[in-house]
Amino acid sequence: MLHFLRPEWFLALLPLLIILILIWKAERVNSTWSRYISPHLANFLVSKSQQVKRSNLSYLAASWFIAVLALSGPAISKQSLPVFEAAQGRVILMDMSLSMYATDQAPNRLTQAKFKATDLIEALTEGKLDLSPMLAMRLPLARLHAIEQHC
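Described below are features of the structure shown in this document. (Residues numbered from 1 in each chain as written. Predicted model: local features only at pLDDT ≥ 70, side-chain atom pairs only at ≥ 80, totals over all residues. Heavy atoms only, no water.)

## Thoughts on the overall build of the protein chain
The helix and strand tally for the protein chain stands at 6 helices and 4 strands. From first element to last, N terminus to C terminus, the protein chain shows the α and β order β-α-α-α-α-β-β-α-β-α. Counted over contacts in the protein chain with a minimum sequence separation of 6, partners at least 24 positions apart contribute 75%. Total accessible area computed for the protein chain in this model is approximately 12,500 Å², and 65% of it derives from carbon and sulfur atoms. (Helix = DSSP H or I, 4+ residues; strand = E, 2+ residues; numbered from the N terminus. Contact = heavy atoms within 4.5 Å. Areas by Shrake-Rupley, 256 points an atom, 1.4 Å probe, with all protein chains shown as cover.)

## A closer look at the pairing of strand β4 (residues 128-134)
Looking at chain direction, strand β3 (residues 89-95) and β4 are connected through 7 bridges and run parallel. Across the sheet, Val91 pairs through a bridge with Asp130, a residue of β4. Note that the unit made of β3, helix α5 (residues 109-123) and β4 has a crossover that is right-handed. (Pairing = 2+ DSSP bridges. Right-handed = clockwise from strand over helix to strand, strands pointing away.)

Here it is, written out as structure tokens:
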């Protein structure tokens, strides 16, 4: 059985239908001369470019239809498409300088930061996560990304 993965692309056939109707109406207005001119004279007086335009129009309609059909994703077996995939990356920077060993928070700042980082890691269910230690010097995130790719 033939299924379409993206059937909403068939809405793109509506502009084609509107264009074909408008051109057909315009050709009918141009062909009103046939009511006033006898048929044996109309062959000489009215240009025959209408036939050339019709063949170009049929090429346009056929190629438009084939493109829409291809974009709609025909498939013999029904497949499900992922609706959303989290491709966000998160970085947790952990300060590892000597100031983290201060005892103004019990037991010290480093242990409290570890607890908070653990809670944050458990709360995140999707996406990539990177835990990077940081000393007294600070690196911009672009540099961190380059360092992460080399590791």
